[in-house]
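Residue-level structural notes
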Amino acid sequence: MLRHSRAPEVPPHVVLLPPGGGARPGPQGARGVVAEGGCCAGSGSAPAELRWAGAEGGGPGRWRQEPGHPTEAWREAVAAAAGALQAGGLVAVPTDTVYGVACLAQDSAAVRSIYSLKGRNGAKPLAICLGDVERLYRYCHVNVPDELLRDLLPGPVTLVLQRSEELNKDLNPFTSLVGVRIPDHPFMRDLARACPGPLALTSANISSQGSTLTVLEFQDLWPQLSLVIDGGPIGDIQSPECRLGSTVVDLSVSGKFSVIRPGCALTPTVEILKKKYGLVPESS
């Protein structure tokens, strides 16, 4: 069991994934085509056993990897994060693009806490995060083929669709649409599966500031987080392309698509939409 042995204002750090695991591919329909910059995230293999390493240099202690039983340690870490979320907390997480902050999308108080944490404009929507394509149909009205969804998800893409009545009305109440993420990252998918509903997910940074690729880059947010999941550096921290975040595409209009944010996987995503499914840019 993970034990938190410090003041509650400084969250523990759980090292989950080995750093430097290489770049991920782009959307599934473009396997072997790495998103621009080759920066859509690192390896997602399960970790070795986690052991408490104590404080270093006066900073907070950390959970570190040691040879052991990855399956048990992985489940323990997922359970700790899921427990923090179900208690209404905010959890920093690694994804297949940049570090994010998650809460339960159906928890209105937690959603408000994310906006407060980021200093975010209340009219700026939050995406939801799911573990599997099958769960998407409960929270969205889908007007594209299931195969299209599976060509792009899981992957570094956010698909914007019409929201269903199942989604919390306090989440993005100003729009009938919602962005959906299924990160190509095993910890995030396991965490989403462990929670009773969708996660609300945003980048781990103050609004208008750059995206973050290590947990130290958003250290100022730590006191407001219940838990920090440290997956090591995501991509090349010296490369601006690695901070682009997911490609955001609106598919809410039948037969058309609109790129809201180019992100890190624009070329393979547009290629799939246009060449395989015959969708046309909404401005056409």
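Here the structure is a predicted model, which is why all the values come from computation and not from measurement. (Residues numbered from 1 in each chain as written. Predicted model: local features only at pLDDT ≥ 70, side-chain atom pairs only at ≥ 80, totals over all residues. Heavy atoms only, no water.)

1. Some words on the overall build of the protein
Keep this limit in mind: Numbering of helices and strands starts at the N terminus; helices are DSSP runs of H or I of at least 4 residues and strands are runs of E of at least 2. Buried means the residue's accessible area, taken with a 1.4 Å probe over protein chains only, is under 20% of the maximum for its type, while exposed means over 50%, and partly exposed covers the values in between. We call two residues in contact when some of their heavy atoms are within 4.5 Å. Each accessible area value is a Shrake-Rupley result obtained with a 1.4 Å probe; residue values ignore everything except the protein chains displayed when judging cover.
Helix and strand counts for the protein stand at six helices and 14 strands. Taking all 284 residues of the protein together, the buried fraction comes to 53%. Partitioning the intrachain contacts of the protein with sequence separation of at least 6 by distance along the chain shows that 65% fall at a separation of at least 24. Of the roughly 11800 Å² that the protein leaves accessible, carbon and sulfur atoms contribute 52%.

2. A few points about the state of the cysteines
Short version of the rule: Cysteine sulfurs are considered disulfide-paired once they come within 2.5 Å of each other.
Tallied over the entire structure, the rule returns zero disulfides. The thiol of C129 is not disulfide-bonded; the next cysteine sulfur, from C195, is found 9.2 Å away.

3. Digging into the environment of G263
When you line up the elements, G263 lands in the loop between β13 (256-261) and α6 (266-276). G263 sits 18 residues away from G245 along the chain, and the two C-alpha atoms are 5.2 Å apart. Residues in contact with G263, not counting those within four places in the same chain, are L244, G245, S246 and T247.

4. A word on the layout of surface pockets
To be explicit about the condition: Think of a 1 Å grid over just the protein atoms. A cavity is a set of points where a 1.4 Å probe fits yet cannot get out, a pocket is an open set with protein on both sides within 12 Å along at least five of seven lines, and lining residues have an atom within 4 Å of a point. Grid points are joined across faces, edges and corners, and a volume is the space filled by probe spheres set on the points. The residue classification treats Ala, Val, Leu, Ile, Met, Phe, Trp, Tyr, Cys and Pro as nonpolar and Asp, Glu, Lys and Arg as charged. All others, Gly included, are polar.
Within this model, the largest pocket holds a volume of roughly 800 Å³. Those elements that place two or more of their residues in the lining of the largest pocket are β8 (157-163), β9 (177-181), β10 (199-203) and β13. Per element, the largest residue contribution to the lining of the largest pocket is four residues, and it comes from β9. When its residues are assigned to classes, the lining of the largest pocket shows twelve nonpolar, 16 polar and six charged.

5. Points about the packing of aromatic side chains
Here is the rule we go by: Each aromatic pair joins two rings of Phe, Tyr and Trp (for Trp, the six-membered one) with centres within 6.5 Å, and gets the label stacked for planes under 30 degrees apart, edge-to-face for over 60, and tilted for any other angle.
Tallied over the entire structure, the rule returns one aromatic pair. Ring centres 5.7 Å apart and planes at 50 degrees place the aromatic pair Y99 and F218 in the tilted group. Taken as a pair, Y99 in the loop between β4 (91-93) and β5 (100-104) and F218 in the loop between β10 and β11 (227-230) lie far apart in primary sequence, 119 residues in all. F218 carries the same exposure label as Y99, and that label is buried.

6. Observations regarding the side chain of T247
Heads up, the condition is: Here a polar contact is taken to be a pair of N or O atoms separated by no more than 3.5 Å, where protein atoms must pair a possible hydrogen donor with a possible acceptor and residues adjacent in sequence count only if both atoms sit in side chains.
With respect to the helices, strands and loops of the structure, T247 is situated in strand β12 (residues 247-250). The buried category is assigned to T247, whose relative accessible area is 0%. Reaching out from T247, the side chain makes a polar contact with the backbone oxygen of P262 at a distance of 2.5 Å. For T247, the residues in contact, after removing those within four places along its chain, are P156, V157, T158, R261, P262, G263, C264, A265, L266 and T269.

7. Looking at α6
Every buried residue of α6 is accounted for by P268, T269, V270, I272 and L273. Where the residues of α6 are buried, they touch α4 (146-152), β8, β12 and β13. Of the residues trailing α6, G278 is marked for its positive phi of about 70 degrees.

8. Digging into the pattern of salt bridges
Two side chains carrying opposite charge are able to pair once their charged atoms lie near each other. To keep it simple, the criterion reads: By definition, a salt bridge exists where a carboxyl oxygen of Asp or Glu is found within 4 Å of a side-chain nitrogen of Lys or Arg.
Scanning all chains against the criterion turns up eleven salt bridges. Put simply, D146 and R150 hold a salt bridge, and the shortest N to O gap is 2.5 Å. Placement of the pair is D146 and R150 together in helix α4, with a separation of four residues, close to one helical turn. Residue classification places R150 among the partly exposed positions, given a relative accessible area of 33%. Members of the salt-bridge network, linked through shared partners, are D132, R189, D190 and R193.

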